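Observations on the three-dimensional arrangement
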Amino acid sequence: MRVYLSNRKDVYVFYRDEALDIKREKGKEYVEVDVQEGEEYTLEFVKKSEFSRPMWFVYAILFWIVGIMGFFTPKFSKNTFSLNCKMTAKATSKPLTIFFNVSNPKYAPNVALKVVGEGDVLLEDEKYVEDKTAKARRKVYALLSGILRLAVIVIVAVAIIKKIIG
């Protein structure tokens, strides 16, 4: 059975504690769940910030250096909210479509996702939650990155001036 995902971005989908492969067909993302019609199944939707990972600082430093002071690497998301939602539904002949809302409760305070389709669907913890640890780590990264960029520029400028002056 297929479950279509709209505006998923960086949300991972799990079934029986295993991450499902996100597939694409005609520009639509979906996951396939191995259940028979009428059978009940549970999907988990998880989103975590890059700054929630263990060893986040090692990854940040590595990509900052490899990306030449972070200029040539994708930026870390400003959004540090997390999601840990469970959806329980019964399999029907028609697929469900799950629409993910903006992951900032400031702009979308109600729910993180909306389910459209036939049948009864039970959602648990469908709201985004602020991850205070990730938010603090993001601020530390932004501050240190700015200071290090400035330090590298000053060191290069001093080296060039010394080379010119002799």
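Below is a summary of the structure that appears in this document. Each chain carries its own residue numbering, running from 1 in the written order of its sequence. For a predicted model such as this one, the threshold for reporting local features is a pLDDT of at least 70, and the threshold for listing and counting side-chain atom pairs is 80 or more; totals across whole chains, interfaces and linings nevertheless cover every residue. Side-chain numbers come from the whole structure's heavy atoms, not from hydrogens or water.

Notes on the sheet that holds strand β4 (residues 23-25)
- The rule for pairing is simple: two strands pair if DSSP sees at least two bridges between them. Every helix listed is a DSSP run of H or I at least four residues long, and every strand listed is a run of E at least two residues long, numbered separately from the N terminus. Across the sheet, which stays open at both edges, the 5 strands sit in the order β4-β5-β1-β8-β9 with mixed pairing between neighbours. Either end of the sheet is taken by a strand with one partner, and the two such strands are β4 and β9 (113-116). Along the sheet, successive strands turn relative to each other by an average axial angle of 30°, direction set aside.
- Examined bridge by bridge, β4 and strand β5 (residues 28-32) share 3 bridges and lie antiparallel to one another. Looking at β5, one finds that Lys23 is bridged to Tyr30. The angle between two axes is taken between their N-to-C directions and runs from 0 to 180 degrees, where each axis is a line fitted to C-alpha atoms and a helix contributes only its stretch in contact.

Some points on the pattern of salt bridges
- Counted as salt bridges are all cases of a side-chain nitrogen of Lys or Arg within 4 Å of a carboxyl oxygen of Asp or Glu. Per the stated rule, a full pass over the model turns up 7 salt bridges.
- The closest approach of N and O atoms between Glu118 and Lys94, which form a salt bridge, is 3.4 Å. Here the residue Glu118 occupies a position in the loop between β9 and β10 (121-124), and Lys94 occupies one in the loop between β7 (81-90) and β8 (96-100), the gap between them amounting to 24 residues.
- Connected through salt bridges with shared partners, the residues Arg2, Lys23, Glu25 and Glu32 form a single ionic network.

A word on the pairing of β8
- Between buried and exposed lies partly exposed: a residue is buried under 20% and exposed over 50% of the maximum accessible area for its type, with that area taken using a 1.4 Å probe on protein chains only. Residues Leu96, Ile98 and Phe100 point to one face of β8 and are all buried, whereas Thr97 and Phe99, pointing to the other face, are not buried.
- Where strand β1 (residues 2-6) lies against β8, 4 bridges are found, and the strand directions are parallel. The residue bridging Tyr4 from the neighbouring strand is Thr97, located in β8.
- Sheet topology places β8 next to β9; 4 bridges connect them, and they run antiparallel. Opposite Thr97, over in β9, you have Val116 as the bridge partner.

Distances and angles like these do not, on their own, reveal function.
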